[in-house]
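# Summary of structural features
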Amino acid sequence: MLQIDRLSHSFKNGSEVTAVLRDISFRVHKGQMVALLGSSGSGKSTLLHLMAGLMKPTEGDILIAGHNIVSMSENRLAEFRRHHIGFIFQAYELLANLTVRENIELPLVFQSVQPSVRRKKALALLEQVGIPEKAELFPSQLSGGQQQRVSIARSLITEPSVIFADEPTGNLDTRTEEEILAILKELNKALDTTFVIVTHEREVAAQTEHILSLRDGYLITERQGFAEASLTGGPAIAIT
Ligand SMILES: Nc1ncnc2c1ncn2[C@@H]1O[C@H](COP(=O)(O)OP(=O)(O)OP(=O)(O)O)[C@@H](O)[C@H]1O
Ligand SMILES: [Mg+2]
């Protein structure tokens, strides 16, 4: 579903070049839920933005559902992203002047889907994230956890091949964080959607099937149970 091949990325500021990601390769299969773990500045958001097609890598390939997004033209990529890629942000990024239901429907507006069809799908997803009664409220009338539920529903409405989430529980208290993670796990199981979730918290990562860990721009692939071993310098599992 998601295949990363020899990906490297550097940022240039004038004559200064900062290497952020170095020769990263891994695969995520359909329906997997993977955590991308690493300390602040290790390159997690950069890797997520590259995989979501928000910028182009310095080197390497990114295949989503068999399509190489690195070689796509801007127009083709924009179209591809609308159908295949979902994104959940730490700060929700809902539009303040649209209702909850309209926010969830928005990606389908860009696909010119009929209003009655959009509405039905949005309401069904709102039910799945547990706040059907909030449909006609505005984002400012919701708690942070509820706003993140809306943002999750919005990311799912196009039935994307993969959903990328950048610290989706970073602004929430521990109890709400657990609720949001439970919802993501439930949706992952129910819909077989592939999730890559960035976090710097080991407890969040421990909730997922697989852990990819970034350190100094290099990737260490971990699985449940092996996480501590490789953190303390033990053997890392080979990357596929
Ligand atoms: N546009 C940019 N120009 C130059 N350097 C950048 C740019 N964006 C990110 N970087 C650098 O790349 C490195 C990785 O940043 P990134 O945001 O990917 O880290 P992160 O792992 O997401 O950190 P955090 O947990 O704090 O969100 C940092 O050293 C950062 O300064
Ligand atoms: Mg980040």
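Residues numbered from 1 in each chain as written. Chains lettered and ligands numbered in written order. Predicted model: local features only at pLDDT ≥ 70, side-chain atom pairs only at ≥ 80, totals over all residues. Heavy atoms only, no water.

By the naming in an unreviewed UniProt entry, the protein goes by ABC transporter ATP-binding protein and is assigned to Paenibacillus arenilitoris.

### Comments concerning the overall build of the protein
The secondary structure content of the protein amounts to 8 helices and 10 strands. Taking 2.2 N^0.38 as the reference for a compact globule, 240 residues should give roughly 18 Å; the C-alpha atoms of the protein span a radius of gyration of 18 Å, in line with that estimate. Projected onto the principal axes, the alpha-carbon positions of the protein cover approximately 50 × 40 × 35 Å. Residues counted as buried form 48% of the 240 residues belonging to the protein. Sequence separation of 24 or more characterises 67% of the internal contacts of the protein that already satisfy a separation of 6 or more. (Helix = DSSP H or I, 4+ residues; strand = E, 2+ residues; numbered from the N terminus. Rg over C-alpha atoms; globule rule 2.2 N^0.38 Å. Buried < 20%, exposed > 50% of the residue type's maximum accessible area, 1.4 Å probe, protein only. Contact = heavy atoms within 4.5 Å.)

### A look at the pattern of salt bridges
A side chain of one charge can pair with a side chain of the opposite charge if their charged atoms are brought near each other. Applying the stated rule across the entire model yields 9 salt bridges. The salt bridge involving Arg 101 is made with Glu 105; its shortest N-O contact spans 2.8 Å. Residue Arg 101 and its partner Glu 105 are both found in helix 3 (residues 100–109); the two are separated by 4 residues, about one turn of the helix. By the burial criterion, Arg 101 is buried, and Glu 105 matches it. (Salt bridge = Lys/Arg side-chain N within 4 Å of Asp/Glu carboxyl O.)

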